[in-house]
Amino acid sequence: MTEAILLVGGKGTRLRPLTVYTPKPMVRAAGVPFLTHQLARARAAGVEHIVLATSYLAEVFEPYFGDGSALGLHIEYVTEDEPLGTGGAIRNVADRLGSGPDDPVLVFNGDILTGLDIRALVDTHETTGADVSLHLTRVADPRAYGLVPTDGTGRVLAFLEKPQTPEEIVTDQINAGAYVFRRSVIDTIPADRPVSVERETFPGLLAAGAHLQGMVDSTYWLDLGTPAAFVRGSADLVLGRAPSPAVPGRCGDRLVLPTARVAPDAKVTGGTVVGEGAFVAEGARISGSTILPGAVIEPDAVVTDSLIGARARVGERSVLTGTVIGDGAVVGADNELREGVRVWCDARIPAGALRFSSDQ
């Protein structure tokens, strides 16, 4: 297998304000754009040619990755004029593929952090003679996902939308967002209109008698669709819980990138990343967080499980837990922001303006 398609066209609305100026796959995780981790893992599995299916802020990708040669890849870019959905995006890039009709083509969603054994998925596809093979993972609570029951040989039996009652939860296996397509199957997807592989392509293939094979791989898997998940994924990459050959440094309790500065008595732990040109001042305590390039954490601030945008500033003694601060925003001194707070890009919060407790 030498070819893959990466679906990177989504708007990332659940991640805003992180995605106001940056497409979701280009938001930094463990010091590099998240997409870098996916590209590096694909290359390590033997992929040589990757087509990026872009749409939202499409102009950002190529200036960063170029032709892919720095990663040992040949990367091409195809931009959708109108969003086409997962299936439509796959079909839209088909003419860039060089594979023969029966060759396998790997397809990744651009927002899944996983330890999937890519070669094992391809081997499963080839040994079973499947038309499409799907990475499945098991989750404790599958209600938020589409269920994919299989028979004893792993052959897919059905695609069930998000279950609403206990009786509908017939399996804990869910679609994990990585597939291997027989090249000829891609050509059967309707062209030039939105198509969902989950709701249209896969159920249609199943109804037509096609062979869809599931492979359960329950190693590390995380959907990075929310800010909390993105911050956790970045920390897990730094801590070594999630595998990636693209982490720019040794795995450990923190990752401080070149040109970043951390005061000697500041405490930076829990898989925190301090980006290029960022500054963590004396007495600050940062845990499990992402500090993007150029951000400033002032003295005695406490930042936990949060993401601080590029060139943003967190004032003295402010306490942030589970929050997202957009690019260029300023949180003044002595503020207290708790779980779920999102401060938009370039916003200004005056000193002592927001609290969840008294000021004593």
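Refer to the preceding data block for the structure.
Residues numbered from 1 in each chain as written. Predicted model: local features only at pLDDT ≥ 70, side-chain atom pairs only at ≥ 80, totals over all residues. Heavy atoms only, no water.

1. Remarks on the pattern of salt bridges
Consideration 1: Applying the stated criterion across every chain, the model contains 16 salt bridges.
Consideration 2: Residue Asp223 pairs with Arg14 through a salt bridge whose shortest N-O separation is 3.9 Å. In this pair, Asp223 is assigned in strand E11 (residues 221-223) and Arg14 in the loop between strand E1 (3-7) and strand E2 (28-29), connecting sequence segments 209 residues apart.
Consideration 3: Its salt-bridge partner being Asp131, residue Arg182 comes within 3.2 Å of it at the nearest N-O pair. Residue Arg182 is located in strand E9 (residues 173-182), and its partner Asp131 is located in the loop between helix H4 (118-128) and strand E8 (132-138); the two are separated by 51 residues in the primary sequence.
Consideration 4: Assessed through its relative accessible area of 17%, Arg182 is described here as buried.
Consideration 5: The class for Asp131 is buried, based on a relative accessible area of 19%.
Consideration 6: Linked by salt bridges that have partners in common, Asp102, Asp131 and Arg182 make up one network. (Salt bridge = Lys/Arg side-chain N within 4 Å of Asp/Glu carboxyl O. Helix = DSSP H or I, 4+ residues; strand = E, 2+ residues; numbered from the N terminus. Buried < 20%, exposed > 50% of the residue type's maximum accessible area, 1.4 Å probe, protein only.)

2. Structural notes on the sheet that holds strand E5 (residues 74-79)
Consideration 1: Strand order in the open sheet formed by 7 strands is E5-E4-E1-E6-E9-E8-E10, with mixed pairing between adjacent strands. A strand with exactly one partner marks an edge of an open sheet, and here the two such strands are E5 and strand E10 (212-216). For this sheet the average axis-to-axis angle between neighbouring strands, irrespective of direction, equals 25°.
Consideration 2: Two elements, E1 and strand E4 (residues 49-54), share 5 bridges in a ladder whose sense is parallel. Across the sheet, Leu7 pairs through a bridge with Ala53, a residue of E4.
Consideration 3: Of the strands in this sheet, E1, E4, E5, strand E6 (104-109) and E9 touch helix H3 (residues 85-92), which is tilted by about 140° from E1.
Consideration 4: Across the sheet, H4 is in contact with E6, E8, E9 and E10; its angle to E9 comes to roughly 65°. (Pairing = 2+ DSSP bridges. Axes fitted to C-alpha atoms, helices over the stretch in contact; angles between N-to-C directions. Contact = heavy atoms within 4.5 Å.)

3. With respect to the packing of aromatic side chains
Consideration 1: Under the definition given, this model contains 7 aromatic pairs.
Consideration 2: Note on Tyr64 and Phe65: the rings are 4.8 Å apart at their centroids and 70° apart in plane angle, and the pair reads as edge-to-face.
Consideration 3: On the basis of relative accessible area, Tyr64 is assigned to the partly exposed category, the value being 43%.
Consideration 4: Exposure remark for Phe65: the relative accessible area of 10% places this residue in the buried category.
Consideration 5: Three or more aromatic residues joined by ring pairs form one cluster here, namely Phe159, Tyr179, Phe181 and Phe202.
Consideration 6: Stacked on the ring of Phe279, the Lys or Arg Arg261 has its end atom at 4.3 Å from the ring centre. (Phe/Tyr/Trp six-rings, centres within 6.5 Å; stacked < 30°, edge-to-face > 60°. Lys NZ or Arg CZ within 6 Å of the ring centre and 35° of its normal.)

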